[in-house]
Structure formats: C-alpha cells, structure tokens
Amino acid sequence: MAPRKNFRNQAKKEVKPAAVVNKNGVKVEASVAASGGGFSGTKIFTWFMVLALLGVWSSVAVVWFDLVDYDNVIGKLSAYDADGDGDFDVEDAKVLLGLKERPVSVLLREAKEDYAVKEPAAVPLPPISDDFIPDDSRDEATHPYEDENNAIDTKGELVEKAQPQQTVEESKQYNNQPGSYNNQPGSPETKETEAESVPEPEADVEPEVESVPEPEADVEPEVESVPELEAEFVPELKAKKKKPKLLNKFEKTIKTEIDAAEKLRKKGKVEEAVRAFETLVLQYPQSPRCRYGKALAEDGLAEKMLSNDMLQKAIGTYKEASELPNATPDLIKATLKKRAERQQFLGRMRGALATLEKLVQIFPEDMALKNDLGVAHLLIGDNNSAKRVYEEVLATAPSDGFAKVHYGFILKSENKIAESIPFLRDGLESGDPGTDDGRFYFHLGDALQRMGDDSAYKWYERGHQRGHFASVWQRSLYNVDGLKAQPWWTPKDTGYMDLVKTLERNWRIIRDEAQSVMDKTTGLFVPEEENLREKGEWGQFTLWQQGKKAGESCRSVPKTCGLLERYPEATGCKRGQIKFSVMQPGTHVWPHTGPTNCRLRMHLGLVIPKTGCKIRCTNDTRAWEEGKVLIFDDSFEHEVWQDADSYRLIFIVDVWHPELTQYQRQTLSPI
C-alpha cells in the first residue's frame, strides 16, 4: 500500500534526483546542477515551514511555562493608554503626540482621582484609667477639701516649661502677662508669638515678569472643555492662601534693592540689615515697604541685643510704615499686627488695644482681627468689652471656634457655669487655631465638675493627651519639667525637716498670734475672692506673697514672722504665700488645682474640730491635727469640706519644690 501523502511526510522525506557529471567530471545532484548551485523552490518552502513551526512551539512554551509576566507588561502599557480604551495603540500615540484631544471620559476619571478627599480616620479618645477617676464610693457631701487662694491661673500664657513670665493677679482675668528682655534674659517668651499671623515679606522676593499679568493667587484654573467636571466630581476646595502683597507700584521698580536688604535680615545679619534699610528709607522716604523692612530689622536687633529700647524704636517704625501713603492693605495689616504684638510683649496693653481697634476699623470684615481685639480687652481685664466683641463675631460667624472658647471663658468668669459649657466644648471640638489651650480644657472640666458631670475627666484626659497637663490629676499650667510629682509628701521627702520641726514646736505661739488678729473688727482676714467656694465663709490673712513680706501684717504677728525669717525656702518662694486660713462651718471648696508645680504646700493645724474637717488630694483624703504639718503638692486636684460645728484655723506655708536649683529659684517669675 502506497504511503499516505501529507506535508509532514514531504518535509521529512527527500527524493534524490539522478546524479549528473559536470564539466569537471564531478558528480552532482540533478537539482543543483539545474539551478546552477542555488536553492530550489522546494527547499525555500521547507525552511519557511521549519521556522514557522519553531515560532509556534516557542509560543506554546512561553505560555505553558509562564516565561513572560503578561499582566505586568500590559499594566505598564496601560500607563500610556491616553484614550481610555484599555490598551496602547496608534490612537494613544496620536493623543500623546498632541495630534488628538483626550476624551472627556478620561478627564473626568482623572479629576475624580486627583480631587478625591479622603476622610481622616477617627482617633478615638483614649479611655480614662480607673486611677484617674475619683472614688465613687466616697460620700462627696462629707469630704472637705482645701486650697487656700489657689485657683488655676487663668491669666497666663500656655503651659510654661521653665521660665514663666509674670505674676497672677485674679483668676477671673485672662492675661498672657507681658514679657521683658531686661527682666527675663533668655526667657522662652522673648521669642515672637503667633508668627504665622504676621506675614513675612516672602511675596516680594520672587521675580516678577511685568509683561505677563499674574493670575490671582486664589483662582483655580478652569477646565473649559469639561464644564460638568466641577459640579459632578470635584469637591469644593479651599482657596489657596494668598501671599501678602506688600509692594506698591513704585516699590516694584526698586524691588532688587529691597530684596538685598531683606536677604541680610533673613540670614540673621540684623545690624547690616538695619543699616541697609536705613539707607533705603533715606533714599525712598515715602516707601512703606522700606520702612516696614527697617522695623522688622530693628525688631530682630532688639531680640539679639535683649533691648527694650530698641524694641520700642521698632514699634515706632511699624507705626510710621502703616501711616505712609500708598501702603498696600496687606502691608498695613501686617505692620499693625506686628506692632500690637510687640506692644503686648512690652506690657503696653492699652497701646496694643488702640492698635487693634484701628486695625478692626480698617478691616471690619476680618473676624481674626476682631478675635485679637477681644483678647486685647481681656488682657487689660475689660471682660465686658471683650464679651461684646465676641458676641459680634459669633453673630457673623457662629461656628468660629476661637470666639466660642473665649466667650465661654468669659461666661465662666461671670459664674454662669452651665451657660459656659457649650461654648467651651464646641470651641475645643472645632479644632480652630488658638483653641488648643490648656486654660480652656481646664475651665471646661471645672465647669462640668461643678455641674456634677463626670465627663469632666474625659476633657482633663484629652488635655493631658494634648500635652497641656502633666496628668489628669495634675493640671497646673506653669510648670518646670522633670520635677518629682506626687500628691502627698513627708517632711523627709522634702528635705525641709528643720522648718517642719520649727513649725510643730512653736504651733501654740503661732496659733495664739493668729487668734489675736481674728477679731472681725480689725478686718485683717479677707474673704477668698477667687470663686473657689460653692458655699460658706473662708478668710485669709497673708504674711508673705510672691516672696515679698507684708510688713504691716507681720507687725501684728511678730513672733510668727520671726520664726520664718531664717527659712528662705519659704519666705523666698516667689510662687507661693505664707498665710493664716480660717474656714467656718458649712463651707465647701470646689475641686481645683494650683497654678504651678514649682512649690509644695504645708498646712500646720492650729484649731481643728474633732470631726467634719477633711482635705482630699487626688483620691486620698486626710484630716488635720493640731500641732502637726500636712504637706501636699497643690498642683494636683484637691478639695475641702468644713462640716464641723466650729471654725477651723490652719497656717499655710508654701515652699519651693526641693528639686529646683538655686538658679531656677532666683529666675522663675512670681505667681
């Protein structure tokens, strides 16, 4: 049977033609001879088939053995998919070369990706440890607590790390206390505050191309070919913050000279910068920007020299710059804000108030300036004017968190406890600039406590987490870092054993002198005026205050004062007092904390009823004994009840925290 014919058999089997003899007598195959030694058509076809089969089997091998990562390759090519059809082809190349417009669908897709706003993950409030919650099992109606005349300081700056600036006067006032280069060399408060609110002259350092008008800084580019883009897919974006325009038309022609002087100032070469700007002011006396640069340079030089006189000169130059004709609105605002800030630093509170009032008149729609004006009123103790300012702000901008916390603060100072809570709480929850302040966490928690609301400790915990309080219990705001912190101390812990022994050995002498001045007709004992009492009567008679002796008072109790003269840890404690404290039956003092962790408080019992008088510090409640000293750290929460049938009399002696160095005791400012 003849074999079956197919392409495979033809490829495998060669038919040799008869050999022939060439002219040289050599035998060659007939096919070669006929072709003159070249390839026949059959042989070309044969090689073509071999190559085709090799290609097929190679493809099979690539797929079968997964030699190529097709997904990866296709993914890379999709980056060049310009027309949105899922692959890279000729049409994509046309788009990339600018020969064809991109389809609207692609623009929409990219817009959604570019402008999508991701919601931040909610950060849960850390749970309050049981250690931070007062013991619910105790009967709060029967536990006395005391801190004589030490409400939290509501007037000072934020948490003070080591060098607080000034003195506390009344807990109802809001006061950042002026700083002074001469009084506090090297103090942290010599640094400028709220620098972000006073624009540095960055905008006028950039090169300008006057022939090409610049677009407005807060105008977003429009996509005219896709009108539905913004409405459907683009969330509302905050306008870009405009850089202040500090140069007027003429000053743009001398921009190079201004930039050169400004460069010196920014490099810290303030003396050279002052000279450079003085030259510019002489050359261009009507240039507000040159005058503003001179003021900034003088300001920097004042800080370098620690000179109040130089700072006063800068304040005057700021005023000159703001009053020159052709000053831009941005320059006027920057100049006057800086002037008010530096006036406050020097303690010129009324001058700063006048400057801010002028600013608000010029820029009546600027709520931030009104907020600053409200603070200026608070700094001089004019709470009523501040209240009116914040009512105006909230009428226009009811969600303004800064205005809310300050308005709530004012309401609380008026003892409108319940009314203050929503403003303080909403203001803190807003997260607006200027609201994250330990004072507001303190006063919200305090208001909630007075209303019997245990959520107060949630806010104390949050204040602690934000770094304002050392702990939920220890909520003082004027602190030196690293000091040993515990609510109760023993005489041995303090190292002031000699002082304690002197007080306890002479307690009867001290008691007798105190009773001799308790006659109400003398008026020597004055009522507590810091709104710490829920009810009752509490009087005090002060011998030393902020490290200064009250001479008239000591003349009434000479033996007591004589005993203390040789103990500078007490008489020199600028952050404390030495005083008698008398509390009548039926008195309750709210839970509160002292203003600083820099002192410890000694209580010497003089006249103590047998029952009904107790003091709680954190969750540890104790009672006084006649002739014995109790020592506690009043920066921790403490509370007093006087439920006895007769008065309670004690002698309070504040002493420096034993871990403070001699230098710190000398340089820390009074409270």
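Model, not experiment: these values are computed from the prediction. (Residues numbered from 1 in each chain as written. Predicted model: local features only at pLDDT ≥ 70, side-chain atom pairs only at ≥ 80, totals over all residues. Heavy atoms only, no water.)

### Describing the overall build of the protein
For clarity, the threshold we go by: Every helix listed is a DSSP run of H or I at least four residues long, and every strand listed is a run of E at least two residues long, numbered separately from the N terminus. Only protein chains enter the accessibility calculation, which uses a 1.4 Å probe; a residue is then buried when its area is under 20% of its type maximum, exposed when over 50%, and partly exposed in between. Here, residues are in contact when the closest pair of their heavy atoms is within 4.5 Å.
A count of helical and extended segments in the protein gives 26 helices and 15 strands. Within the protein, the fraction of its 671 residues that count as buried is 45%. Within the protein, counting contacts between residues at least 6 apart in sequence, those at least 24 apart form 70% of the total.

### Let's talk about the pattern of salt bridges
Defined as follows: Any Lys or Arg side-chain nitrogen located within 4 Å of an Asp or Glu carboxyl oxygen qualifies as a salt bridge.
Counting across every chain of the model gives 30 salt bridges. The partner of Arg342 in a salt bridge is Asp299, and the shortest N-O contact between them spans 3.2 Å. Remark: Asp299 occurs in helix α10 (residues 288-305) and Arg342 occurs in helix α12 (residues 329-345); sequence separation between them is 43 residues. Residue classification places Arg342 among the buried residues on the basis of a relative accessible area of 1%.

### Section: the packing of aromatic side chains
Convention followed: Working definition: rings of Phe, Tyr and Trp (its six-membered ring) pair if their centres are within 6.5 Å, and the pair is stacked with planes under 30 degrees apart, edge-to-face with planes over 60 apart, and tilted otherwise. Any Lys NZ or Arg CZ found within 6 Å of a ring centre and within 35 degrees of that ring's normal is scored as a charge over the ring.
Scanning all chains against the criterion turns up 11 aromatic pairs. Members of the aromatic cluster, joined through ring pairs, are Tyr457, Tyr460, Phe469 and Trp473. Between the NZ or CZ atom of Lys333 and the centre of the ring of Phe363, over which it lies, the distance is 4.7 Å. Above the plane of the ring of Trp489 lies Lys484, whose end atom (NZ or CZ) is 5.2 Å from the centre.

### What to know about the state of the cysteines
Filter applied, for reference: Cysteine sulfur atoms are paired as a disulfide whenever they fall within 2.5 Å.
The tally for this structure, following the rule as stated, stands at 1 disulfide. At a sulfur-sulfur separation of 2.2 Å, the disulfide partner of Cys554 is Cys561. Residues Cys554 and Cys561 share a disulfide whose torsion about the S-S bond is about -80 degrees; that sign makes it left-handed. Cys554 gets classed as buried once you look at its relative accessible area, which sits at 5%. Cys598 supplies the cysteine sulfur nearest to Cys573, a cysteine that is in no disulfide, at a spacing of 8.5 Å.

### Details of unusual backbone geometry
A positive phi angle, close to 60 degrees, is found at Asn531, a residue other than glycine. Among the structural elements, Asn531 can be located in the loop between β4 (526-527) and β5 (533-535). One non-glycine residue, Gln546, lies in the positive phi region at around 55 degrees. Turning to its location among the elements, Gln546 is positioned in the loop between β6 (538-545) and β7 (548-549).

### What to know about helix α9 (residues 270-283)
Let me state the cut-off plainly: Helix span, as expected, comes to 1.5 Å for every residue beyond the first. Starting at the helix axis, one direction is taken to each C-beta atom, and the arc is that of these directions.
Helix length check: α9, at 14 residues, gives a terminal C-alpha distance of 20 Å against a target of 20 Å (1.5 Å per residue), a fit within 8%. Listed in full, the buried residues belonging to α9 are Val270, Ala273, Val274, Phe277, Leu280 and Val281. The arc that holds every buried residue of α9, seen down its axis, measures 130 degrees, which confines them to one face. Counted as exposed and oriented over 90 degrees from the buried face of α9: Arg275 and Leu282.

### Some thoughts on the nonpolar core
Put simply, the rule is: Here, nonpolar core refers to any group of buried Ala, Val, Leu, Ile, Met, Phe, Trp, Tyr and Cys residues whose side-chain atoms link them within 4.5 Å.
Residues Tyr292, Tyr390, Leu428, Leu444, Ile615 and Trp624 are the most contacted members of the largest nonpolar core, which totals 77 residues. Excluding anything up to four places from it in sequence, Tyr390 contacts Asn371, Gly374, Val375, Leu378, Phe402, Ala403, His406, Tyr407 and Ile410.

### As for the confidence of the model for the protein
This is how it is decided: Residue-level confidence of the predictor is what pLDDT reports, using numbers from 0 through 100.
Considering every residue of the protein, the mean pLDDT works out to 77; 65% of them sit at 70 or more. Overall, residues 1-37 carries pLDDT values under 50, and its contacts beyond four positions in sequence, including any with other chains, amount to 16 contacts.

### A few points about the packing of helix α16 (residues 401-413) against helix α18 (residues 438-450)
Selection rule: Think of each axis as a best-fit line through the C-alpha atoms, taken over the contacting stretch in the case of a helix, with angles from 0 to 180 degrees between the N-to-C directions. Roughly parallel covers angles under 35 degrees, roughly antiparallel covers those over 145, roughly perpendicular covers 65 to 115, and oblique covers all other angles. Left-handed describes a crossing in which the near helix is turned anticlockwise from the far one by less than a right angle; the clockwise case is right-handed. For this scheme, ten residues count as nonpolar: Ala, Val, Leu, Ile, Met, Phe, Trp, Tyr, Cys and Pro. Four count as charged, namely Asp, Glu, Lys and Arg, and the remainder, Gly too, count as polar.
For the pair α16 and α18, interaxial distance at closest approach is 10 Å and the crossing angle is 50 degrees. In this view, α16 runs oblique relative to α18, as classed from their interaxial angle. In the packing of α16 onto α18, the handedness of the crossing is left-handed. On α18, the residues that touch Val405, His406, Phe409 and Lys412 of α16 are Phe440, His443, Asp446 and Ala447. Along the lines of polarity and charge, the residues of the contact of α16 with α18 split into 4 nonpolar, 2 polar and 2 charged.

### Topic: the sheet that holds strand β12 (residues 620-622)
Going by this rule: When DSSP finds two or more bridges between two strands, those strands count as paired.
Sheet architecture is open: 5 strands sit in the order β5-β9-β14-β11-β12, paired in antiparallel fashion. Strands with a single pairing partner mark the edges of an open sheet, and in this sheet they are β5 and β12. Sheet twist, expressed as the mean angle between neighbouring strand axes with direction ignored, is 20 degrees. In terms of strand pairing, β5 meets strand β9 (residues 587-592) through 2 bridges, oriented antiparallel.

### Examining helix α11 (residues 308-323)
Quick reminder of the rule: Definition of a polar contact: a pair of N or O atoms within 3.5 Å, with one able to donate and the other able to accept a hydrogen when the atoms are protein atoms, and with sequence-neighbouring residues admitted only if both atoms are side-chain atoms.
For α11, built from 16 residues, the straight-helix expectation of 22 Å at 1.5 Å per residue is met to within 8% by its first-to-last C-alpha distance of 23 Å. For α11, every residue scored as buried is listed here: Asn308, Met310, Leu311, Ala314, Ile315, Thr317, Tyr318, Ala321 and Ser322. Structurally, α11 contributes buried residues whose contacts are with α10, α12 and α13 (349-362). Capping of α11 at its N-terminal end is provided by Ser307; its side-chain oxygen lies 3.4 Å from the backbone amide nitrogen of Asp309.

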